[in-house]
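Architecture at a glance
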Amino acid sequence: MAEQEFQPKIIGFFCNWCTYAGADLAGVTRLQYPPNIRVIRVMCSGTVSPHHVLRAFQKGADGVLIGGCHIGDCHYLRGNYMTIKRMRFLQDLLKFTGFEADRLHLEWISAAEGPKLAQTVTAFTNKIKSMGPSPLKRLTAKAA
Amino acid sequence: MDKIRKKVKSLLTEGKVAGYLGYILREGHPLPHLFTRDHLAELEQAVVPPGDARYPLDKILQALARRYPEDTFTIQVRGCDERGLNELYKWGQLDPDKVVLVGVACPQEQADYCECPGPYPSVVDYGEKCNPVPQSRRVARIDSLGQEAAFQEWLGHFARCVKCYGCRDVCPMCFCKECGLEHPELMSIGKVPPDTIFQLVRAIHMAGRCIDCGLCEEACPADIPLRVLYKKGNLLVKELFDYDTGSLGTGLSPWKSLGDEVTLETKPL
């Protein structure tokens, strides 16, 4: 049987007010992007704890994409100030432990940026495809 | 030691403090003990334990403060204990006006072992100030490893975990009432070794909070180099947010408030 192309599982945490609306816009304007992303709508990207991201990786996600409002546009004024602090820290900590930190990405996407959403999801999916399955997933599969 | 006994005795007899949290020698072992005015004679047995004998006095003090919120206590502190107290003041767990310090400087040998950046407290009543160790060689070694080698090394360590929660239970800075490590939906229950992310979740909570006392590592039955992980967390907090964990100088922890401005930028895809 021919080897099938690796289809990564990507978890998206999108903020309700900007990125999720941006995804809506991408949808109604019929922009195409890969279906590998599973979107979880959150009220603010600042509610995403590093614990959630780590849990996603533990459960077999190959990539995690966080989408939030641009700085200054947060519906809750400064919620995304915490997002960037947490995610930058988590990326650096993952790097220290040898986990590919590039599997976690944070992007500011507004409700008007449908094309940017489609482009980001496409680029991120391609990147994860080229990186291959997450090492944590390989580990979990071995244990099971 | 006589200096400490004298200081504590006068604090107790003048009624300035309700108790002295220090160490007592029992059967040859230094154990944490609360000395009070009613049992002044016990002060004769008060000791400063050798460098490597330590208990989380900060943690005991939190329990005391909760139980006797009106009382002031004096506590024996090393450099790390004082950093812990500072951090606990900032997190609203202790009232600085109700704590009096009895300072102990660590011997050089201990500071070298701990790679301690501040081996003595602001008040020194016992011992000589020794040289701090500004850089951690253990962190530098992991930094110099390649990504795959670092990953394999950490996986090997994490796989030994028996999930005893000793690191959390001994930690003077773990004051949360609910713990993410026990969350049934975020952490697999009843699994040994625990999820690979177990230590990482703790490392995240320790960033900007760990005062590098090293009790976790000493308590760990599996010899997981937790301290290296937490030291790196603090280095990153310093690098990203310019926050010195355990000092009173640099304001509140970056995790305590959203902040007034954003200095970081997202990484390019």
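Residues numbered from 1 in each chain as written. Chains lettered and ligands numbered in written order. Predicted model: local features only at pLDDT ≥ 70, side-chain atom pairs only at ≥ 80, totals over all residues. Heavy atoms only, no water.

**A few points about the packing of aromatic side chains**
Aromatic ring pairs are described here by two measures, namely the spacing of the ring centres and the angle between the planes. What counts here: Each Phe, Tyr or Trp ring (for Trp, its six-membered ring) is paired with any other whose centre lies within 6.5 Å, and the angle between the two planes then decides the class: stacked below 30 degrees, edge-to-face above 60, tilted in between. To sort residues, take the accessible area from a 1.4 Å probe on protein chains only and compare it with the maximum for the residue type: under 20% means buried, over 50% means exposed, and anything in between is partly exposed. Placement of a positive charge over a ring is assigned whenever Lys NZ or Arg CZ falls within 6 Å of the ring centre and within 35 degrees of the normal to the ring plane.
Under the defined criterion, the tally for this structure stands at twelve aromatic pairs over all chains. Centroid distance Tyr 68 of chain B to Phe 73 of chain B: 6.5 Å. Interplanar angle 55 degrees. Geometry classified as tilted. A residue is classified by how much of its surface remains accessible, and Tyr 68 of chain B, at 35% relative accessible area, is partly exposed. Taking the relative accessible area as the measure of exposure, Phe 73 of chain B reaches 3% and is therefore buried. Through a chain of ring-to-ring contacts, the aromatic side chains of Phe 57 and Phe 99 of chain A together with Phe 151 of chain B assemble into a single cluster. The ring of Tyr 20 of chain A carries Arg 41 of chain A above its face, with NZ or CZ at 5.1 Å from the centroid. Between the NZ or CZ atom of Arg 209 of chain B and the centre of the ring of Trp 91 of chain B, over which it lies, the distance is 4.4 Å.

**Examining the sheet that holds strand S3 (residues 63-68) of chain A**
Residue and element names in this part refer to chain A. Applicable threshold: Being paired, for any two strands, means DSSP has found at least two bridges between them. Secondary structure is summarised from DSSP: a helix means a run of H or I of at least four residues, a strand means a run of E of at least two, and numbering begins at the N terminus for each. All axes are obtained by fitting lines to C-alpha atoms, using only the stretch in contact for helices, and the reported angles, taken between N-to-C directions, cover 0 to 180 degrees. Note on contacts: a residue pair is in contact if any heavy atoms of the two residues lie within 4.5 Å.
Ordered by their spatial adjacency, four strands build an open sheet running S2-S1-S3-S4, and the pairing between neighbours is parallel. Both edges of this open sheet fall to strand S2 (37-42) and strand S4 (104-108), since each of them pairs with a single strand only. With strand direction ignored, the average angle separating the axes of adjacent strands in the sheet is 20 degrees. Here helix H3 (residues 79-96) sits on the sheet and contacts S3 and S4; the angle it forms with S4, its principal contact strand, is near 155 degrees.

**Considerations on the domain arrangement of chain B**
Residues and elements named next belong to chain B. The test is simple: An automatic or database domain assignment is the source of the domain bounds shown. Once two parts are brought into contact, the accessible area they lose, counted with a 1.4 Å probe and summed over both, makes up the buried area. Salt bridges are defined by distance alone: a side-chain nitrogen of Lys or Arg within 4 Å of a carboxyl oxygen of Asp or Glu. For the purposes of these results, a polar contact is taken to be a pair of N or O atoms within 3.5 Å, where, inside protein, one atom must be able to donate a hydrogen and its partner to accept one; residues adjacent in sequence count only when each atom of the pair is a side-chain atom. In this count, Pro and Cys sit with the nonpolar residues alongside Ala, Val, Leu, Ile, Met, Phe, Trp and Tyr, while Asp, Glu, Lys and Arg are called charged and the others, Gly among them, polar.
Split into domains, chain B comes out as domain 1 (2-114) and domain 2 (137-241). On a C-alpha basis, the centroid separation for the pair domain 1 and domain 2 is 27 Å. At the interface, 16 residues of domain 1 touch 18 residues of domain 2. Roughly 1,400 Å² is buried in total at the junction of domain 1 and domain 2, and carbon and sulfur atoms are behind 52% of that figure. Taken together, the links from domain 1 to domain 2 amount to one salt bridge. Its salt-bridge partner being Glu 218, residue Arg 54 comes within 2.8 Å of it at the nearest N-O pair. Taken together, the links from domain 1 to domain 2 amount to nine residue pairs in polar contact (both at pLDDT 80 or more). Breaking the side of domain 1 that touches domain 2 down by element, the ones donating at least two residues are helix H2 (57-67), helix H3 (79-90) and helix H4 (108-114). Counting residues per element, the side of domain 1 that touches domain 2 draws most heavily on H3, which supplies five residues. Here the side of domain 1 that touches domain 2 is built from residues that sort into seven nonpolar, three polar and six charged.

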